[in-house]
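What the coordinates show
Take a look at the letters that make up each chain.
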Amino acid sequence: MAAPVSLDLLKERFFELIEFVKSKLDVEVNADTNLLPNITSQPSHQIAAEAVTRRELIAKLVSTLIGTTASIGLTYFLVKFLTNALDPTHKEKQKARERAENMLKKLGVKDVKLSDYELCIAANLVDPLSMTVSWDDIGGLEDTVEQIQDTVIFPFRRRDLFPHSNLVQAPKGVLLYGPPGCGKTMIAKATAKAAGARFINLQISSLVDKWYGESQKRAEAVFSLALKLQPSIIFIDEIDSFLRSRTGNDHEATLMIKTQFMSFWDGLITDPSCQVMIMGATNRPQDVDAAILRRMPCTFKIGMPGRLQRAGIISLIMEGEQVEENIDFYKLGDLTEGFSGSDLKEACRMAALNRVHSYVSEARRTYGENYCDQVATDMRQINLQDLEFGINKIRISKQTMTDSVSNIQLD
Ligand SMILES: Nc1ncnc2c1ncn2[C@@H]1O[C@H](COP(=O)(O)OP(=O)(O)OP(=O)(O)O)[C@@H](O)[C@H]1O
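Residues numbered from 1 in each chain as written. Predicted model: local features only at pLDDT ≥ 70, side-chain atom pairs only at ≥ 80, totals over all residues.

1. Considerations on the overall build of the chain
Tallying secondary structure elements over the chain gives 14 helices and five strands in all. Burial status across the chain gives 26% buried among its 411 residues. For the chain, long-range pairs separated by at least 24 residues make up 79% of all intrachain contacts whose partners lie at least 6 apart in sequence. (Helix = DSSP H or I, 4+ residues; strand = E, 2+ residues; numbered from the N terminus. Buried ≥ 20, exposed ≤ 12 C-beta atoms within 10 Å, placed from the backbone. Contact = placed C-beta atoms within 7 Å.)

2. What about the packing of helix H5 (residues 142-157) against helix H6 (residues 184-195)?
At a minimum axis separation of 10 Å, H5 and H6 run at an interaxial angle of 40 degrees. Between H5 and H6, the interaxial angle falls into the category oblique. Crossing of H5 over H6 shows right-handed handedness. Of H6, the residues touching H5 (which contributes Ile 148, Val 152, Ile 153, Phe 156 and Arg 157) are Ile 187, Thr 191, Ala 194 and Ala 195. The residue makeup of the contact of H5 with H6, split by class, is seven nonpolar, one polar and one charged. (Axes fitted to C-alpha atoms, helices over the stretch in contact; angles between N-to-C directions. Parallel < 35°, antiparallel > 145°, perpendicular 65-115°, else oblique. Left-handed = near helix turned anticlockwise from the far one by under 90°. Nonpolar A, V, L, I, M, F, W, Y, C, P; charged D, E, K, R; others polar.)

3. Describing the sheet that holds strand E5 (residues 298-301)
Spatial ordering of the open sheet is given by E2-E3-E4-E1-E5, a layout of five strands whose pairing is parallel. In the strand order of this sheet, the two ends are held by strand E2 (198-201) and E5, each with one partner. Across the sheet, the axes of successive neighbouring strands diverge by a mean angle of 20 degrees, strand direction being ignored. One ladder, built from four bridges, connects E2 with strand E3 (residues 232-237); its direction is parallel. Bridging across to E3, Arg 198 finds its partner in Ser 232. Sheet strands in contact with H5 are strand E1 (173-177), strand E4 (276-282) and E5, and its direction is about 160 degrees off that of E5. (Pairing = 2+ DSSP bridges.)

4. What to know about the site of the ligand
Neighbouring the ligand are 19 residues; Pro 180, Gly 183, Thr 185, Gly 341 and Ser 342 lie closest to it. Listing elements by their share of the shell around the ligand, those giving two or more residues are H6, helix H11 (307-317) and helix H13 (341-367). A class-by-class count of the residues in the shell around the ligand yields eight nonpolar, eight polar and three charged. Counting contributing residues, the shell around the ligand receives three or more from each of domain 2 (93-301) and domain 3 (307-410). (Near = placed C-beta within 6 Å. Domains from an automatic or database assignment.)

5. Let's talk about the packing of H11 against H13
Packed helices, taken two at a time, are described by their axes: the angle between them and the distance between them. Between H11 and H13, whose axes approach to 10 Å, the crossing angle comes to 45 degrees. Relative to H13, the element H11 lies oblique. The crossing of H11 and H13 is right-handed. Along the contact surface, H11 presents Arg 310, Ile 313, Ile 314 and Ile 317, while H13 presents Gly 341, Leu 344, Lys 345 and Cys 348. Tallied by class, the residues present in the contact of H11 with H13 amount to five nonpolar, one polar and two charged.

6. Some details on the environment of His 164
Position of His 164 among the secondary structure elements: in the loop between H5 and E1. Here His 164 falls in the exposed class, since 6 other C-beta atoms lie within 10 Å of it. Separated by 108 residues in sequence, His 164 and Pro 272 have C-alpha atoms that sit 9.6 Å apart.

7. A word on H6
Helix length check: H6 (twelve residues) gives 16 Å between terminal C-alpha atoms against 16 Å at 1.5 Å per residue, within 8%. In terms of residue burial, H6 counts as a mostly covered element, since nine of its twelve residues are buried. Residues of H6 that are buried include every one of Lys 184, Met 186, Ile 187, Ala 188, Lys 189, Ala 190, Thr 191, Ala 192 and Ala 195, and no others. Here the buried face of H6 lies against H5, E1, E2, E3 and E4. (Expected span 1.5 Å × (residues − 1).)

8. Notes on the nonpolar core
Counting residues in hydrophobic clusters, the biggest one holds 60 residues, and the most contacted among them are Leu 176, Val 222, Ile 233, Ile 234 and Phe 235. Contacts of Phe 235, omitting those with residues within four sequence positions, involve Ala 188, Phe 199, Ile 200, Asn 201, Leu 202 and Met 279. Core analysis: the second largest hydrophobic core is formed by 15 residues, Leu 332, Ala 347, Cys 348 and Leu 387 among them. (Core = buried A, V, L, I, M, F, W, Y, C linked by C-beta atoms within 7 Å.)

9. A word on the environment of Leu 353
In this structure, Leu 353 sits in helix H13. When the 15 C-beta atoms within 10 Å are taken as the criterion, Leu 353 is described as partly exposed. Distance in space between the C-alpha atoms of Leu 353 and Lys 105 is 38 Å, their sequence separation being 248 residues.

10. Topic: the pairing of E1
For E1, the tally of buried residues reaches five of five residues, placing the bulk of the element in the interior. Residues Gly 173, Leu 175 and Tyr 177 point to one face of E1 and Val 174 and Leu 176 to the other, with burial holding for every one of them. Pairing between E1 and E5: four bridges, direction parallel. Bridge pairing in E5 places Leu 176 opposite Phe 300.

11. Here we look at H5
Taken as a whole, H5 carries its principal kink of about 35 degrees at Gln 149. Considered for burial, the residues of H5 that qualify are Val 145, Ile 148, Val 152, Ile 153 and Phe 156. On its buried side, H5 packs onto E1, H6, E4 and E5. (Bend = angle between axes of the 7 residues up to and from the residue.)

12. Topic: the confidence of the model for the chain
Considering every residue of the chain, the mean pLDDT works out to 81; 86% of them sit at 70 or more. For this predicted complex, the interface confidence comes out at an ipTM of 0.97, alongside a pTM of 0.72. (pLDDT = per-residue confidence, 0-100.)

Below, the structure written as structure tokens:
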């Protein structure tokens, strides 16, 4: 893509050029006139004719110059206009650029010059203020969290302790795998926060561009941006869909992006001083390209929570809510067999809403349709029945989902 040139700058240069040529012309004409009295060997009408021809020549040259400059400028703007008009994603790109500039301000990034491609990728940066997840918010995964702290975060933050070791290095690739909704994204964000790293939540759609060669440039920009903003973590959710095993049916452009991605990744691996890490998450590790898996030597399984883990997650989610004191979370752990972390969160949300719903029903009965204006001072706490209600709701909706999936498969 051509470097952006502002209209004002172009105008300024154009007028400068005209001024320059005009001044040259004045000098030439004055020189001609000054010469006239000294030239005695030529008849005066011949000298005058020569001066006129010379002036005409210069005038022609100037007009050609102006014409050429104007047509180059016009062609540039026409091509730019047509390219933008033909590109349906132009507005999106513009918005992404604006978003990225705002985000960089929030991140306090100054004096870092980013290319157009890097700005496009910078739209994937996560606002540090929205990264509220910390280790304390993750329930039931204490062992995994401890391993990540020791093997990933510690060497990432304290490279200085292992300057000559080839064996103890912060991994440049980490894979989190396991069923959906079990906390992989939470762990990735908490890792970035604990590592004091910038978090690029790479949306694969931001790499896709219909123009030939553009996608490769964006793939390169992912790495150059991460290096400019290091320490940084590039997070790729559902990495299997982007970097899946290569087959003969792959489109040539897709293959090129993957190959390029891997070669830039190798660049990170061979540079011991860089603080950039790629973290991938997948529900289908078996679909990830073997060459990619090799670049992610550090893998963590984030499985479905067991009974005790579920009890821990529910009690963590309910922390800070108005809950009755005598709730038996172990019992809730028993009742939630087959629930993921996100199912548990949803069940707790349903429980909290059930409490509001029963309050509203009661208030409507007492105060009529103006119940909304009555002050809520006597809302009861969330109790076991609310939680059982929420769990039941989620179980039914999970069952309905499973049934409809198996019906689709039968059809
Ligand atoms: N271990 C956990 N502790 C507390 N909350 C959890 C846990 N696991 C999941 N959750 C809840 O579920 C939500 C979804 O979790 P998350 O996005 O991290 O799952 P995921 O494994 O990345 O899912 P997916 O594979 O669908 O992207 C979280 O926002 C959180 O509310």
